[in-house]
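# Fold and contact review
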Protein chains: 2
Amino acid sequence: MSSQLEKLSKGIEMIVPVNGLAEKLKEAETEKRPLIIKLGMDPTAPDLHLGHAVVLKKIREFQEAGHEIHLIVGDFTAQIGDPTGRNTTRPPLTAEEVKINAQTYIEQLHKVVGTERLTIHFNNDWLGKMTFSDVIKLLSRATLAQMMQREDFNTRYTNNIPIALHELLYPMLQGYDSVEINSDIEFGGRDQLFNNLVGKNLQESFGKKNGQVVLCMPLLRGLDGVMKMSKSKNNYIGLTEPANDMYGKTMSIPDDLLEEWIQLTTDFDEETKVNMIADLKNGKTNPMDIKKKVAFNIVKQYHDEKAAQEAENFFYKQVQQKGFDSKTFEPVCISNLSFEINSSVKLLDLCATLIPTESKSSLRRLIESGAVSVNSDKCTDTNQLISINSGTKIKIGKRHFFELKE
Amino acid sequence: MSSQLEKLSKGIEMIVPVNGLAEKLKEAETEKRPLIIKLGMDPTAPDLHLGHAVVLKKIREFQEAGHEIHLIVGDFTAQIGDPTGRNTTRPPLTAEEVKINAQTYIEQLHKVVGTERLTIHFNNDWLGKMTFSDVIKLLSRATLAQMMQREDFNTRYTNNIPIALHELLYPMLQGYDSVEINSDIEFGGRDQLFNNLVGKNLQESFGKKNGQVVLCMPLLRGLDGVMKMSKSKNNYIGLTEPANDMYGKTMSIPDDLLEEWIQLTTDFDEETKVNMIADLKNGKTNPMDIKKKVAFNIVKQYHDEKAAQEAENFFYKQVQQKGFDSKTFEPVCISNLSFEINSSVKLLDLCATLIPTESKSSLRRLIESGAVSVNSDKCTDTNQLISINSGTKIKIGKRHFFELKE
């Protein structure tokens, strides 16, 4: 049991109450039953990204340890839409659209969690049946002051930004889902802590002895390196994105995000992660090389190793092409060189002729390390024959860009 | 029309918006339709008192001018009760209890308003049919900041006194009643202004061009002379109270409430009211005498003239009895007087013997003005024969109390 606790609690940022997970695991063992893990889903936004995967991977660990995942599709409010009409991008969904989105979501979900011990609920099944009088009784179980502990409500109220009355209901609806499925654990990002504690309090108000334990995973910052990864900020990598996009987007993250991404997005074993982070900190390894490993690992998780390799190749070709296109090439007149037009010359000889100040041995190293390209193709063979034609472009190392001219 | 406006707006403390009543009357005239006057009723508290009557009398004027009263029995929330369970004195009412209470209320109502042009609604007919999704759409039409303009919410929130979430709904429910009956005017005390304006705003949010006009009548202070008359403060006179209680309670109000009560509780014509208030202010008339007129008038309105006369008689007998019982009587030995024991003596002669310093003519005036009592019976006949017995008690004016002894 304590080894399960140690394994499952690893990487969790916050457990409320602190000893809650230990007690729930003990309870499950005593009562010989699995824990019920609640996972909510907004059917207006069915796309999962690496930020969601941080939570889903932890949930998979619980699933693999024998516990049950209860996915709640929030179709009740999705079918209402935004009643203020302010958010025109969120019109109400039809029941059919909710179903399609839920299916999309579940397909993505299975990129992380297994199909065993997974139950799917639609909260319209209970919320849609509530009468006005049920609503009043539900709302009587919380106070305005409790709702105002939610940071965004409080900030908006203090700054005179309108809060429509129905918005105060939403945390209660989400909380009531916990009552219905009798969850033991609810996961969420740190920003969901308030909502999830409403669920715990409601369960206890409805007579459950110990309400759900709330587990928070660290938030993953998105591609911009500042904001939490989210679709609306367009700083995300979707779980179903093509391998090339996943790889390329990962390569675009700022270096100072790397440690966080190694921890939260890769599936390297612990030792590998520790070593990578150490290498990053001591400056021994180029951050670009570590980023390549992270990008490769992410693609491998959501596609496969072959796709990861292809994506890496594609990325380098593209980047080099881009490097080529964006550079200014120094024109070199072929008649000033010692080669005939349309003749073929070994790469190393061509490089030595172009940069006579550089030793042949250092040029050989450059070629073999992949730092030399001809017409955007990386050439690592010093003996490769290059045609001496007008328009041929050659990049040598980081600073030398030549274009042959007649 | 302008004479109707002048008459109907008389005595109204506040009209929101200021020119709203004038416009509504014009609208009614143009469209040749009556105005719809909304009157809400809480079926958990069916007892009407003089405070309610202030509003009801003004409503009667509208009714008599051809407009329609729409009474809304708030059975929806009454059937829910106080869901917090904090208010154990307000358990939910059954449909049957609501019906009985509504009947009680309507009987009392007819002590003030007529039976013509009166429609009765039960708001459970519309609120009870609302689904959760309807509730959300309704609540989206107002903001938290708007609700917090209500003084008691604001005070409680500021002082950390809990406001249960469902309490925030109640003004919206009351307001939605206005949408359903499409009211033109809602009456209420000054303390209802907030709720009534919610109704106006909701109507406009639902597409009505000019929402209901809100009319506030002055608040009537209760028997204590400080608080608004209300059942919970036990400072009220119920419209169905026995005549003697009505009379006696009115006599108990502090003098400085008299002007307010002349204006708000009596049905004297305007000139009489003005004169009474002038008398009160210039000190020509004893406030007690004005109070008697007010008490008499109130009983006459809610019972009849005969009952008012009887209540006055009863009150004086009781008060005098009480006066007798609470006084210290000066023992007068019969043998010191010039009368035989068990003889009968004229009242004026007895008084003259007991107070030899007073002139007979002034004693006669005292007797005739009702200031002399024998054994708690007022005696206004100077020739009435009094038995000279041990134990006979005589009160003469305000300061002389004698008891005959052998």
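For clarity, every value in this text was computed on a predicted model and none was experimentally measured. (Residues numbered from 1 in each chain as written. Chains lettered and ligands numbered in written order. Predicted model: local features only at pLDDT ≥ 70, side-chain atom pairs only at ≥ 80, totals over all residues. Heavy atoms only, no water.)

## Quick look at the interface of chain B and chain A
In this complex, chain B contributes 31 residues to the contact, which on the side of chain A involves 31 residues. Both faces combined, the contact of chain B with chain A buries some 2,800 Å², and carbon together with sulfur accounts for 83% of it. For the chain B face of the interface with chain A, the top three residues by lost area are Phe132(B), Leu144(B) and Leu165(B), together amounting to 28%. Joining chain B to chain A, the criterion identifies 0 salt bridges. Counting across the chain B and chain A interface gives 6 residue pairs in polar contact (both at pLDDT 80 or more). If you list the elements that add at least two residues to the side of chain B that touches chain A, you get α7 (132-139), α8 (144-147) and α10 (170-181) of chain B. For the side of chain B that touches chain A, the leading source of residues is α7(B), giving 6 residues. For the side of chain B that touches chain A, the per-class residue count stands at 24 nonpolar, 6 polar and 1 charged. (Contact = heavy atoms within 4.5 Å. Buried area = accessible area lost by both parts, 1.4 Å probe. Salt bridge = Lys/Arg side-chain N within 4 Å of Asp/Glu carboxyl O. Polar contact = N/O pair within 3.5 Å; in protein donor to acceptor, adjacent residues only side chain to side chain. Helix = DSSP H or I, 4+ residues; strand = E, 2+ residues; numbered from the N terminus. Nonpolar A, V, L, I, M, F, W, Y, C, P; charged D, E, K, R; others polar.)

## Remarks on the relation of the copies chain B and chain A
With an RMSD of 0.3 Å, the fit of chain B onto chain A corresponds to turning through 179° and sliding 0.2 Å along the axis. Viewed as a symmetry operation, the transformation between the two copies matches a two-fold axis. When the interface residues of chain B are mapped onto chain A, 100% of them are again interface residues, pointing to one common binding face. (Least-squares fit on C-alpha atoms with pLDDT ≥ 70 in both.)

## Topic: the confidence of the model for chain A
Residues with a pLDDT of 70 or more make up 96% of chain A, whose mean pLDDT is 90. With a pTM of 0.73, the predicted complex shows an ipTM of 0.70. (pLDDT = per-residue confidence, 0-100.)

## A word on helix α17 (residues 347-354) of chain B
For α17(B), the buried fraction is high: 6 of the 8 residues fall into the buried class. Among the residues making up α17(B), those that are buried are Leu347(B), Leu348(B), Leu350(B), Cys351(B), Ala352(B) and Leu354(B). (Buried < 20%, exposed > 50% of the residue type's maximum accessible area, 1.4 Å probe, protein only.)

## Quick word on the sheet that holds strand β7 (residues 330-333) of chain A
Residues and elements named next belong to chain A. Judged by pairing direction, the sheet is mixed, and its 5 strands sit side by side in the order β7-β13-β12-β9-β10 without closing on themselves. Among the strands making up the open sheet, the edge pair consists of β7 and β10 (377-378). One ladder, built from 4 bridges, connects strand β12 (residues 393-396) with strand β13 (residues 400-405); its direction is antiparallel. What sits directly across from Ile396, in β13, is His400. Helix α17 (residues 347-354) rests against β7, β9 (372-374), β12 and β13 of the sheet, and its axis sits at about 80° to β12. (Pairing = 2+ DSSP bridges. Axes fitted to C-alpha atoms, helices over the stretch in contact; angles between N-to-C directions.)

## Examining the sheet that holds strand β13 (residues 400-405) of chain B
Where strands meet in a sheet, backbone hydrogen bonds hold them as pairs that are either parallel or antiparallel. Residues and elements named next belong to chain B. Judged by pairing direction, the sheet is mixed, and its 5 strands sit side by side in the order β7-β13-β12-β9-β10 without closing on themselves. Of all the strands in the sheet, just β7 (330-333) and β10 (377-378) have a single pairing partner and so form its edges. Lying over the sheet, α17 contacts β7, β9 (372-374), β12 (393-396) and β13, oriented at roughly 80° with respect to β12.

## Points about the environment of Pro43(A)
Among the structural elements, Pro43(A) can be located in the loop between β2 (36-41) and α3 (50-64). Each residue touching Pro43(A), except ones within four places of it in the same chain, is listed here: Val73(A), Gly74(A), Asp75(A), Ala78(A), Leu93(A), Val98(A) and Asn101(A).

## Re the packing of aromatic side chains
Counted by the stated rule, this structure contains 13 aromatic pairs over all chains. Geometrically, the ring pair formed by Phe76(A) and Phe132(B) is tilted, given 5.1 Å between the ring centres and 45° between the ring planes. Separated into two different chains, Phe76(A) in helix α4 (residues 75-78) and Phe132(B) in helix α7 make up a pair that spans both. Residue classification places Phe132(B) among the buried positions, given a relative accessible area of 1%. With 5.2 Å between their ring centres and 85° between their planes, Phe315(B) and Tyr316(B) make a pair best called edge-to-face. Of the two residues examined, Phe315(B) and Tyr316(B), each falls in the buried class. Cluster of aromatic residues (ring-pair linked, three or more members): Tyr247(A), Phe315(A) and Tyr316(A). In this structure, Lys393(B) is placed above the aromatic ring of Phe329(B), and the distance from its NZ or CZ to the ring centre is 4.9 Å. (Phe/Tyr/Trp six-rings, centres within 6.5 Å; stacked < 30°, edge-to-face > 60°. Lys NZ or Arg CZ within 6 Å of the ring centre and 35° of its normal.)

## As for the packing of helix α14 (residues 270-282) of chain B against helix α15 (residues 287-302) of chain B
Each pair of packed helices can be summarised by the angle the axes make with each other and by the distance between the axes. Residues and elements named next belong to chain B. As a packed pair, α14 and α15 sit with axes 10 Å apart at the nearest point and diverge in direction by 155°. One element, α14, and the other, α15, form an angle in the roughly antiparallel class. In this structure, the crossing between α14 and α15 has a hand that is left-handed. Residues Met276, Asp279 and Leu280 of α14 touch α15, and the partners they reach there are Pro287, Ile290, Lys293 and Val294. Of the residues contributing to the contact of α14 with α15, the split by class is 5 nonpolar, no polar and 2 charged. (Parallel < 35°, antiparallel > 145°, perpendicular 65-115°, else oblique. Left-handed = near helix turned anticlockwise from the far one by under 90°.)

## Focus: the packing of helix α12 (residues 243-251) of chain A against helix α15 (residues 287-302) of chain A
Residue and element names in this part refer to chain A. Direction vectors running N to C along α12 and α15 enclose 150°, while the axes themselves pass 9 Å from each other. In terms of their interaxial angle, α12 and α15 are classed as roughly antiparallel. Remark: the crossing between α12 and α15 carries right-handed chirality. Contact residues: Ala243, Met246, Tyr247, Thr250 and Met251 in α12; Met288, Lys291, Lys292, Val294, Ala295, Phe296, Ile298, Val299 and Tyr302 in α15.

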